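# Structural characterization, general
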Amino acid sequence: ASSEKGLKDYYSDYFPIGVAVSPRALQGESGELILKQFNSMTPENVMKMGPIHPEENRYNWEYADQVADFAVEHNLKLRGHALCWHNQAGDWIFKDENGDQVSKEVLLQRLKDHITTVVQRYKGKIYAWDVVNEAISDKEDEFLRDSPWYQICGEDFIIKAFEYAHEADPDLKLFYNDYSAVHPIKRDKIYKLVKMIQDAGVPIHGVGIQGHFSIYEPTEQELRDAIEKYASLGVEVQITELDVSVYHKEHSRRDPLPKDEDDAFKPEQEQKQIEQYDMLFRVFRDYKDTLTGVTFWNISDRYSWLDNFPVRGRKNYPLLFNEELQPKKAYYKVIEFK
Ligand SMILES: Oc1ccccc1CN[C@@H]1C=C[C@@H](O)[C@H](O)[C@H]1O
């Protein structure tokens, strides 16, 4: 570890600073950047249901173990992501041997086996899991997402997932995780869901606000209102997947980059990004007694999941380190308070 301070040192009196990693990113210069800047990690993909459990009777531990071993070796906190999700799940889990949809009982048993096996393998290494990811609908008049989980189990899969995770490791911090979690409509539905889990007498310790923000949103008031609303339930709050896209959030777009669209990083985008990161971390610091972690989703602008989502092939520049892994102007704004 180098002598100069990193984000984790500037924020040591506030909350851990985490980063989403792939096994490959643990090596070389990106591995050095992780150790200098961060004291928490989340595996970006390798502990999702499909990657870690591709077939009913086969688990793929190799890559998940590499991330866990790195965290243990360097004494980094480790968040697990994600025990129950409709995306990147092996589609075998919803099907019987004839390829028909399984019953609720079979699916819940498979969910229990998955959660118990994965949680127990990393007991003592992972302190918090995103137990359920993105179960709330984006449709204004719909409460829960109409995923195969919901179609087969109704809302029970959510409460059962938390119950199974708690049984597997009672010491775990259990999170519900979602995006657009500071939009008032979705915020209120997440609030309702967390309250439903609490009312079922099942442990839930935190809400994960993913934090896929942009230089245009959220407003400071929306962010404050959401953190306060979740905190009013008596749970921790974490920013679990922070990045600040230089484009407007367009969940619906899937078209490739238009020929005439120039996706270079522009000075006016950078100016807005500096202002947005400054606001975000000012608010995070204000809520240091409620926020128990801030995790960036990916390490640097060298690679971001936003380079292909929602617009394939459109380069994004959402993080605090540039493509050469050097701190950007926004980085210096985020540490300026110290
Ligand atoms: O912001 C969104 C908009 C629509 C769908 C999903 C998301 C965010 N979805 C997140 C992003 C990247 C994945 O690696 C994470 O596992 C997932 O939680």
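Rules and cut-offs
- Residues numbered from 1 in each chain as written.
- Predicted model: local features only at pLDDT ≥ 70, side-chain atom pairs only at ≥ 80, totals over all residues.
- Heavy atoms only, no water.
- Buried < 20%, exposed > 50% of the residue type's maximum accessible area, 1.4 Å probe, protein only.
- Helix = DSSP H or I, 4+ residues; strand = E, 2+ residues; numbered from the N terminus.
- Pairing = 2+ DSSP bridges.
- Right-handed = clockwise from strand over helix to strand, strands pointing away.
- Near = heavy atom within 4 Å.
- Polar contact = N/O pair within 3.5 Å; in protein donor to acceptor, adjacent residues only side chain to side chain.
- Areas by Shrake-Rupley, 256 points an atom, 1.4 Å probe, with all protein chains shown as cover.
- Nonpolar A, V, L, I, M, F, W, Y, C, P; charged D, E, K, R; others polar.

Here the focus is the pairing of strand 6 (residues 206-209). Look at any regular strand and the pattern is simple: side chains alternate between the two faces of the sheet. Neither face of strand 6 is exposed, since Gly 206 and Gly 208 on one face and Val 207 and Ile 209 on the opposite face are all buried. Inspection of the sheet shows strand 5 (residues 173-178) paired to strand 6 by four bridges, in the parallel sense. Across the sheet, Phe 175 pairs through a bridge with Gly 206, a residue of strand 6. Once the chain exits strand 5 it traverses helix 8 (residues 184-199) before rejoining the sheet at strand 6, and the crossover so formed is right-handed. In this structure, strand 6 lies alongside strand 8 (residues 236-245), joined through four bridges in parallel fashion. Looking at strand 8, one finds that Gly 208 is bridged to Gln 238.

Now for the site of the ligand. As a structural note, the neighbourhood of the ligand is formed by 13 residues, with Lys 48, His 81, Asn 133, Glu 134 and Glu 241 the closest of them. Here Asn 133 contributes a side-chain N or O atom positioned 3.0 Å from an oxygen atom of the ligand. In this structure, Glu 241 approaches the ligand through a side-chain N or O atom, which is 2.9 Å from an oxygen atom. Coverage of the ligand by the protein amounts to 90% of the 420 Å² it exposes when considered alone. A breakdown of the residues in the shell around the ligand according to their chemical character gives five nonpolar, five polar and three charged.

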